[in-house]
Amino acid sequence: MTQLRYTKDHEWVQGQEDGTVRIGITDYARDALGDLVYLDLPKVGKTITKGGHFAVIESVKAASEIYTPIAGEVADVNTGLADALDQLGQNPDTGWIIALRPESGSDLSQLMDDTAYQSYVKGL
């Protein structure tokens with residue numbers, strides 16, 4: 001597994017040993033949403049374009065789409081989150097939303113590392 005990489009939309013991405021990448025939302029995003037009430041997950045096999053949304057999360061405040069910074073096919077979905085939305089966040093072992101099989105040529109190095117993301121969040 002590789003270190004987490006981050007987007008400006010507060011998603012995290014982590015490469016896995018099997019070639020897939022797990023995608024989730026950061027603690028910052030989860031905290032900004034407030035009390036979470038529902039997560040609409042995609043189906044395994046769905047193809048998602050770079051920048052496309054793959055899930056919708058609803059809180060008592062609003063509904064928000066979750067985007068992917070890379071294109072690929074949904075290889076797995078963390079169905080356990082539906083009953084445990086409090087697990088969403090930066091813990092990649094429990095808080096991931098989907099595992100994506102990236103299209104060839106997908107590059108995670110363009111995303112922020114932890115230091116850059118923490119600086120970005122402090123500037124908000």
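For the structure itself, consult the block above.
Residues numbered from 1 in each chain as written. Predicted model: local features only at pLDDT ≥ 70, side-chain atom pairs only at ≥ 80, totals over all residues. Heavy atoms only, no water.

**Q** Honestly, the pairing of strand S7 (residues 63-67) in this entry has me stumped. Any pointers?
**A** The two faces of a sheet get side chains in turn, since along a regular strand they alternate between them. As paired strands, strand S6 (residues 53-59) and S7 are joined by five bridges and run antiparallel to one another. Bridging across to S7, His53 finds its partner in Tyr67. In sequence, S6 turns back onto S7 through a hairpin of three residues. (Pairing = 2+ DSSP bridges. Helix = DSSP H or I, 4+ residues; strand = E, 2+ residues; numbered from the N terminus.)

**Q** How should the sheet that holds strand S3 (residues 21-25) be read in this particular structure?
**A** Remark on secondary structure: sheet strands pair via backbone hydrogen bonds, oriented parallel or antiparallel. One open sheet accounts for six strands, arranged S1-S2-S3-S9-S8-S5; its pairing is antiparallel. Every interior strand has two partners, whereas the edge strands, strand S1 (5-6) and strand S5 (47-48), have only one. Strand direction decides the pairing type here: strand S2 (residues 11-15) and S3, joined by five bridges, are antiparallel. The residue bridging Trp12 from the neighbouring strand is Gly24, located in S3.

**Q** Whenever I open this one, the pattern of salt bridges confuses me. Can you help?
**A** If the charged atoms of two oppositely charged side chains come close together, the side chains can form a pair. Overall, the coordinates contain three salt bridges when judged by the stated rule. Here Arg30 makes a salt bridge to Asp31, at a shortest N to O gap of 3.6 Å. Residue classification places Arg30 among the partly exposed positions, given a relative accessible area of 21%. One salt bridge connects Glu73 with Arg101, and the closest N-O pair in it is separated by 3.6 Å. Highlighted residues: Glu73 in strand S8 (residues 72-77) and Arg101 in strand S9 (residues 98-102), separated in sequence by 28 residues. Take Glu73: its relative accessible area is 32%, and that puts it in the partly exposed class. Salt bridges sharing common partners tie together Asp27, Arg30 and Asp31. (Salt bridge = Lys/Arg side-chain N within 4 Å of Asp/Glu carboxyl O. Buried < 20%, exposed > 50% of the residue type's maximum accessible area, 1.4 Å probe, protein only.)

**Q** Teacher, can you tell me more about the pairing of S6 here?
**A** Taken together, the four bridges between strand S4 (residues 36-40) and S6 define a ladder with antiparallel strand orientation. Each residue of the ladder has a partner; that of Leu36, found in S6, is Ser59.

**Q** Any chance you could explain a nonpolar patch on the surface here in plain terms?
**A** Together, Val37, Tyr38 and Val60 line one region of the surface with nonpolar side chains, adding up to about 300 Å² of accessible area. Residue placement: Tyr38 occurs in strand S4. Judged by its relative accessible area of 42%, Tyr38 is partly exposed. (Patch = residues over 30% accessible without salt bridge, like charges linked within 9 Å, V, L, I, M, F, W, Y side chains within 5 Å. Areas by Shrake-Rupley, 256 points an atom, 1.4 Å probe, with all protein chains shown as cover.)

**Q** I'm lost on the packing of aromatic side chains in this one. Help?
**A** Within a pair of aromatic rings, the relevant descriptors are the distance that separates the centres and the angle that separates the planes. Summed over the entire model, instances satisfying the criterion amount to two aromatic pairs. Seen from their ring centres, Tyr6 and Tyr117 are 4.5 Å apart, and the 15° between their planes marks the pair as stacked. Pair noted here: Tyr6 is in strand S1 and Tyr117 is in helix H2 (residues 114-122), with a separation of 111 residues, a long-range link. By the burial criterion, Tyr6 is buried, and Tyr117 matches it. Connected via pairs of aromatic rings, a cluster forms that spans Tyr6, Tyr117 and Tyr120. (Phe/Tyr/Trp six-rings, centres within 6.5 Å; stacked < 30°, edge-to-face > 60°.)

**Q** I'm lost on the sheet that holds S6 in this one. Help?
**A** What the three strands build is an open sheet, ordered S4-S6-S7; its pairing is antiparallel. Looking at which strands have only one partner, the edges of the open sheet turn out to be S4 and S7. For this sheet, the mean inter-axis angle between neighbouring strands, taken without regard to orientation, is 25°. (Axes fitted to C-alpha atoms, helices over the stretch in contact; angles between N-to-C directions.)

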